[in-house]
Amino acid sequence: MAGHSKWANIQHRKGRQDAVRAKLFSKLSKEITIAAKMGDPDPDKNPRLRLAVKEAKSQSMPKDNIERAIKKAVGGEGDEYEEIRYEGYGPSGVAVIVEAMTDNRNRTASNVRSTFSKNGGNLGETGSVGFMFERKGEVVYPADAGDGDTVMMAAIEAGAEDVESSEDGHVIWCADTDLNDVATALEAELGESESTKLVWRPTTTTELDLDGMQKLMKLIEALEDDDDVQRVTTNFEASDEVMAQL
């Protein structure tokens, strides 16, 4: 599994509590508001909004919160936000992509740079690590959605590019521009997904030992604590033994 998928599993296992959930809902709301602002406020007519709402639901975000976030866009809020991507290196030379949504570019850049330097990393120029990733659509299904062959056939029919099946579930990959169509086709065959989103998929990875993973987790947690940061992706690889010790 790629770094970001493993990281999601770590987060889930760690059971980060209510404060983190509130922060997550805030970030999901921001994405919904921006998506609705940039297109139609009707999810059926706006693929980005539809995916944002789907992701919010997969994180058990209340319906009221979702509707409120869409109303903010209709009411004119969200104009001031801009999307920025930062790239840099974490401990042990791990590549890190930070996606942010901010109303103050200087504040966010300063905070992100400071967080990297305080946690054994350094912020690079745009493009400094981006070449180690591909922009892809990722659809995740639980293991009980079907056996590997069933999911593989559904993915092929839906126009996906690749499937990774394990005892943890199924991760289906597609071109970034095909995500809405692929997700819709998969839903018709396999039902509701656990997660549907655009991600950065590492094309090359950096192997970490336990010490390296602990340092990387500290950096990622510090970055994710920033209200302006929407998503953090890395290209780490770690053995099952290392993952089990975290």
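Quick caveat, the model's predicted, so the values are computed rather than measured.

A. Expanded view of the pattern of salt bridges. Within this structure, the stated rule accounts for 17 salt bridges. The salt bridge involving glutamate 31 is made with arginine 48; its shortest N-O contact spans 2.9 Å. Of this pair, glutamate 31 sits in helix H2 (residues 18–38) while arginine 48 is found in helix H3 (residues 47–58), placing the two residues 17 residues apart along the sequence. Among the ionic pairs, glutamate 87 bridges to arginine 85, the shortest N-O distance being 3.1 Å. The exposure class assigned to glutamate 87 is buried, which follows from its relative accessible area of 1%. What you see here is one network of salt bridges that share partners, running through Arg50, Lys54, Glu187 and Glu192.

B. Structural view of the domain arrangement of the protein chain. Assigned domains within the protein chain: domain 1 (17–75), domain 2 (82–131 + 203–244) and domain 3 (141–194). Its C-alpha centre places domain 1 at a distance of 24 Å from the equivalent point of domain 2. The partner domain 2 presents nine residues to the seven residues of domain 1 that form the contact. Counting each side, the surface lost to burial between domain 1 and domain 2 is near 690 Å², with a carbon and sulfur contribution of 38%. The largest contributions to the domain 1 side of the interface with domain 2 come from Lys23, Lys27 and Lys30, which together make up 72% of the buried area. Across the contact surface, domain 1 and domain 2 share two salt bridges. As a salt-bridge pair, aspartate 227 and lysine 23 come within 2.8 Å of each other at their nearest N and O atoms. Across the domain 1-domain 2 interface, the total number found is nine residue pairs in polar contact (both at pLDDT 80 or more). In terms of residues, the side of domain 1 that touches domain 2 owes the most to one element, H2, which gives six residues. In terms of residue class, the side of domain 1 that touches domain 2 is built from two nonpolar, no polar and five charged.

C. Structural detail: the UniProt feature "domain: TACO1/YebC-like second and third" (unreviewed entry) in the protein chain. The residues that UniProt annotates with the feature "domain: TACO1/YebC-like second and third" (unreviewed entry) are residues 81–236. Segment residues 81–236 splits into 33% helix and 36% strand. End C-alpha atoms: 30 Å apart.

D. Expanded view of the sheet that holds strand E4 (residues 133–141). In spatial order, the strands read E5-E6-E4-E7; together these four strands make up an open sheet with antiparallel pairing. In this open sheet, the two edge strands, each paired with only one partner strand, are strand E5 (162–166) and strand E7 (195–202). The sheet shows a mean angle of 30° between the axes of neighbouring strands, direction not considered.

Reading the values: the criteria
Within each chain, residue numbers correspond to sequence positions counted from 1 in written order. Selection of residues for local features in this predicted model requires a pLDDT of at least 70, selection of side-chain atom pairs for listing and counting requires 80 or more, and totals for whole chains, interfaces and linings are taken over all residues. Heavy atoms throughout the structure, all of them, feed into the side-chain values; hydrogens and water do not. The salt bridge definition used is simple: a Lys or Arg side-chain nitrogen within 4 Å of an Asp or Glu carboxyl oxygen. A run of H or I in DSSP becomes a helix once it reaches four residues, and a run of E becomes a strand once it reaches two; helices and strands are each numbered from the N terminus. Three exposure classes are used, based on accessible area relative to the maximum for each residue type with a 1.4 Å probe and protein chains only: buried under 20%, partly exposed in between, and exposed over 50%. Where each domain begins and ends is defined by an automated method or by a domain database. By definition in these notes, contact holds between two residues if any of their heavy atoms fall within 4.5 Å. For any pair of parts, buried area is found by adding up, for both, the accessible area (1.4 Å probe) each one loses once the two are put together. Nitrogen and oxygen atoms within 3.5 Å of one another constitute a polar contact, given that in protein one can donate a hydrogen and the other can accept it, and given that sequence-neighbouring residues count only through two side-chain atoms. Under the convention adopted here, Pro, Cys and the residues Ala, Val, Leu, Ile, Met, Phe, Trp and Tyr are nonpolar, Asp, Glu, Lys and Arg are charged, and Gly plus all remaining residues are polar. UniProt positions are given in the numbering used here, feature names are shortened, and annotations may be inferred rather than shown by experiment. Two strands form a pair only when DSSP identifies at least two bridges running between them. What counts as an axis is a line fitted to C-alpha atoms, over the stretch in contact for a helix, and the angles between N-to-C directions run from 0 to 180 degrees.

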